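Chain by chain, the residues run as shown.
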Amino acid sequence: LVWKTMSLIDEFLKTVNEQKDNVAIVSKKHNKTYQELFVDVNKLITKFEKLNIQKNSKMLLLVNMSYEMYVGIFACCLYGLDVVIIDNFKDKKRVNQQLIDVDVDYVLTNNITSLVKNIFKPLQKVKSINVIKTLKEIKETKNFEYSTDAKLITFTSGGTGNPKPVQRSLDDLEKQLKLTINVVGNLQNEYVLATLPIYTLACLIEGIK
């Protein structure tokens, strides 16, 4: 596949428009088309607007790998939020320090993670948004003027000290996704088992099931 020069946001919107009735994600609980995925993304964006969340606020993604996680990532990126991702929550002390270092403004949860949010002291007073409840709550959405200014904040491994936050723009993410797509090749007619979020994002943007 040839990666196009348009932004990741434009690429995703183009894919949604061209493949709206085609399968986007199949999981244990969901079988979603691109149109259904896009509607759910807009539901979450509608929630952000209702809460008057400011652009470039830091949103912690406290959702395990699931359909709702990808709804959350796309909604944050299209709205213009900085998505904070911590990939390991086992070491409570370490996670607390990571949360202090980035000072998140909001946290996305699901029904499971909403119960463990307050285990981490820096999150106890941070407003949470339950993705699953939001998708049930919001009935009507509209088309928005989507942002291309979102950033992804992840952390170093911490092999030589405490994990340090690393900030990447959507342009940086595009380069990583481009490499992924170039490796997997043309899979338009196949189903891909995506075991890491970066692979799923690459597939969804390129219209691969």
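Remember, predicted model here, so these are calculated numbers, not experimental data.

Participant: Explain the side chain of Ser57 to me, please; I cannot follow it from the model alone.
Facilitator: Mapped onto the fold, Ser57 is located in the loop between α2 (34-50) and β3 (58-61). Judged by its relative accessible area of 10%, Ser57 is buried. Non-local contacts of Ser57, meaning those with residues more than four positions away in its chain, are made with Leu81, Asp82, Asp105 and Tyr106.

Participant: Looking at this structure, I do not really get the pairing of strand β1 (residues 23-26). What am I missing?
Facilitator: The two faces of a sheet get side chains in turn, since along a regular strand they alternate between them. Taken together, the 3 bridges between β1 and strand β2 (residues 31-33) define a ladder with antiparallel strand orientation. Note that in β2 the partner of Val23 across the bridge is Thr33. In this antiparallel pair of consecutive strands, β1 and β2, the connection spans 4 residues.

Participant: Help me understand the nonpolar core, please; the structure alone is not making it clear to me.
Facilitator: Soluble globular proteins: nonpolar side chains tend toward being buried together. Ranked by internal contacts, the top residues of the largest apolar core, which has 50 residues, are Phe48, Met59, Leu78 and Leu108. Examining the composition of this core, we find that 11 residues originate from one element, helix α3 (residues 67-79), more than from any other. When neighbours within four sequence positions are excluded, Leu108 is seen to be in contact with Leu44, Phe48, Met59, Leu60, Leu61, Leu62, Val63, Gly72, Cys76, Ile129 and Val131. In terms of nonpolar packing, the next biggest core, distinct from the first, is built from 14 residues, Leu62, Val102, Leu123 and Phe155 among them.

Participant: It is not clear to me how the environment of Asn111 should be interpreted in this structure. Could you clarify?
Facilitator: Position of Asn111 relative to the elements: it lies in the loop between β5 (106-109) and β6 (127-130). Of the residues examined, Asn111 reaches a relative accessible area of 36% and is grouped as partly exposed. Separated by 93 residues in the primary sequence, Asn111 and Leu204 place their C-alpha atoms 24 Å from one another. Leave out the neighbours within four places in its chain, and Asn111 touches Asn130, Ile132 and Lys133.

Participant: What's the story with helix α4 (residues 92-102) in this structure? I'm lost.
Facilitator: Along an α-helix, residues three or four positions apart point the same way, because every turn accommodates 3.6 residues. By the burial criterion, the buried members of α4 are Val95, Asn96, Gln98, Leu99 and Val102. Considered in projection along α4, the buried side chains sweep an arc of 160 degrees and stay on one side of the axis. Exposed and oriented more than 90 degrees from the buried face of α4 are Lys93 and Ile100. Looking at the buried residues of α4, the elements they touch are β3, β4 (82-84), β7 (151-155) and β8 (165-169). A distance of 3.3 Å separates the backbone nitrogen of Lys93 from a side-chain oxygen at the start of α4, and that oxygen is part of Asp91. Immediately downstream of α4, the backbone of Asp103 shows phi near 50 degrees, a positive value.

The rules behind the values
- Residues numbered from 1 in each chain as written.
- Predicted model: local features only at pLDDT ≥ 70, side-chain atom pairs only at ≥ 80, totals over all residues.
- Heavy atoms only, no water.
- Helix = DSSP H or I, 4+ residues; strand = E, 2+ residues; numbered from the N terminus.
- Buried < 20%, exposed > 50% of the residue type's maximum accessible area, 1.4 Å probe, protein only.
- Contact = heavy atoms within 4.5 Å.
- Pairing = 2+ DSSP bridges.
- Core = buried A, V, L, I, M, F, W, Y, C linked by side-chain atoms within 4.5 Å.
- Arc of directions from axis to C-beta.
- Polar contact = N/O pair within 3.5 Å; in protein donor to acceptor, adjacent residues only side chain to side chain.

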